[in-house]
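# Understanding the architecture of this molecule
Residues per chain are reported as follows:
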Amino acid sequence: MFDDAGVRGWLHVAELHRPSAQVTIDPDEQLPMGSIYKVPLMAAFCRLADAGLIDPRRRLTLEPDERVPGPTGVSILRDPVTLSLRDMVILMMTISDNTSADAVLRAVGPDVVDAMCRDLGMPGTHIHGGVVSTYSRLVAETGAPSLDAALAHVADNDTVVPPGVYDPAYKASTTPADMARLLRAIWTGQAASDDRCAFMREVMRRQPWTHRLASGFPYDDVTVYGKTGTFGAMRHEAGVVELADGSTYTAVVFTKAARSDNRLPRADAVIGTAARAAVEELRGRQGT
């Protein structure tokens, strides 16, 4: 499936309550994760809220000169916006708003997120400075005069992308296995309190994008929770699939396309088809 879609693929799909039942492809390889870093950021935020170290209702005003580039949410607005930290978490997770995510990250602290990842047994996950750090390094690595020029450079099939662009060492990075572990912790109440974990699950249920993981499960009686991530030729999604009979699976699929076009529908769709094939394989094993 990955070859036919023109991508390199990494995959970790497992039964939620029996994680040893899994289908994997290179699940421990560390990769840039794009906006998927917002999932551990959300979990760290919820832990701080549980400990009384952060007020979810604290309101911040985001000024126009604080905008972080992005195609959605506060990132595209031109006037001051005042929101609670909790609502910023909702925006960063549902429509992947980069400006909200940056404000939440500044409130939480990247070291706190990385410490939580270590505590939950996710040694391959480091968020560094989130999307702001990733973008600044991209500009430096491409030698481009601006972020727009850097993004255009990595999207141009006629140019050579510097090898450091996809090096996970200094970018928000993780492994499919780590993300599956975090999702399981959120779904089983280990990542935070029961109420906060319920909040995280509800937020992930409201992501509107259906072109990746959800495209493999186009049924009204299947619930897909997810968070997409995109960086250059890389397209990812980490989520949970809940079938009509209640059986539930963590599903993490990372891809890197052979081409750099901004729009590659087959590269998006293979995330869903590969996850569905893995789920069907696991269900077939149950019946034998």
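Notes on the structure in this doc start here. Worth saying up front: this structure is predicted, and the values here are computed from it rather than measured. (Residues numbered from 1 in each chain as written. Predicted model: local features only at pLDDT ≥ 70, side-chain atom pairs only at ≥ 80, totals over all residues. Heavy atoms only, no water.)

### Thoughts on the environment of arginine 196
By secondary structure assignment, the location of arginine 196 is in helix H9 (residues 194–205). Among the residues examined, arginine 196 registers a relative accessible area of 25% and is labelled partly exposed. Those residues in contact with arginine 196, other than ones at most four positions away along the chain, are Cys46, Ala49, Asp50 and Pro56. (Helix = DSSP H or I, 4+ residues; strand = E, 2+ residues; numbered from the N terminus. Buried < 20%, exposed > 50% of the residue type's maximum accessible area, 1.4 Å probe, protein only. Contact = heavy atoms within 4.5 Å.)

### Digging into the packing of aromatic side chains
Within the structure shown, the criterion is met by 2 aromatic pairs. The interplanar angle of 75 degrees and the centroid separation of 5.8 Å between the aromatic rings of tyrosine 166 and phenylalanine 231 together place this pair among those described as edge-to-face. Here phenylalanine 231 lies in strand E7 (residues 223–231) and tyrosine 166 lies in the loop between helix H7 (147–154) and strand E6 (173–174), a separation of 65 residues in the sequence. For the ring pair tryptophan 187 and tyrosine 225, a centre distance of 5.0 Å and an interplane angle of 85 degrees mean the geometry is edge-to-face. Of the two residues, tryptophan 187 sits in helix H8 (residues 176–187) while tyrosine 225 sits in strand E7, which places them 38 residues apart along the sequence. As far as burial versus exposure is concerned, tryptophan 187 and tyrosine 225 are alike and both buried. (Phe/Tyr/Trp six-rings, centres within 6.5 Å; stacked < 30°, edge-to-face > 60°.)

### Concerning the pairing of strand E2 (residues 22–25)
Pairing geometry for strand E1 (residues 7–15) and E2, over 4 bridges, is antiparallel. Bridge pairing in E2 links valine 13 to valine 23. (Pairing = 2+ DSSP bridges.)

### A closer look at the pattern of salt bridges
In this structure the tally under the stated criterion is 17 salt bridges. Salt-bridge contacts for arginine 106 lead to aspartate 102; the nearest nitrogen and oxygen are separated by 3.2 Å. Placement of both arginine 106 and aspartate 102 in helix H4 (residues 98–108) is noted, with a separation of 4 residues, approximately one turn of the helix. Given the relative accessible area of 13%, aspartate 102 is considered buried. Close ionic contact of glutamate 280 with arginine 276 constitutes a salt bridge, the shortest N to O distance being 3.0 Å. Here glutamate 280 pairs with arginine 276, and both are found in helix H10 (residues 265–286), just 4 residues apart, close to one helical turn. On the basis of relative accessibility, which here comes to 46%, the residue glutamate 280 falls in the partly exposed class. Here arginine 276 falls in the partly exposed class, since its relative accessible area comes to 29%. Overlapping salt bridges, with partners in common, bring together Arg8, Asp26 and Glu29 in one network. (Salt bridge = Lys/Arg side-chain N within 4 Å of Asp/Glu carboxyl O.)

### Considerations on the sheet that holds strand E9 (residues 248–257)
Taking strand neighbours across the sheet as the criterion, the 5 strands line up as E2-E1-E9-E8-E7 in an open arrangement whose pairing is antiparallel. Of all strands in the sheet, those with a lone pairing partner are E2 and E7, marking the two edges. Strand-to-strand, the axes of this sheet are offset by a mean angle of 10 degrees, without reference to chain direction. As paired strands, E1 and E9 are joined by 9 bridges and run antiparallel to one another. In the sheet register, valine 13 faces E9, and the bridge partner there is alanine 251. (Axes fitted to C-alpha atoms, helices over the stretch in contact; angles between N-to-C directions.)

### A few points about the nonpolar core
Within the largest apolar cluster, 69 residues are counted, with the highest numbers of intra-cluster contacts made by Tyr37, Val104, Val108 and Met200. Ranked by residues supplied to this core, first place goes to helix H2 (residues 38–50) with 9 residues. Counting residues in hydrophobic clusters, the runner-up holds 27 residues, among them Leu213, Val222, Val270 and Leu282. (Core = buried A, V, L, I, M, F, W, Y, C linked by side-chain atoms within 4.5 Å.)

The quantities given are spatial measurements derived from coordinates; they are silent on function.
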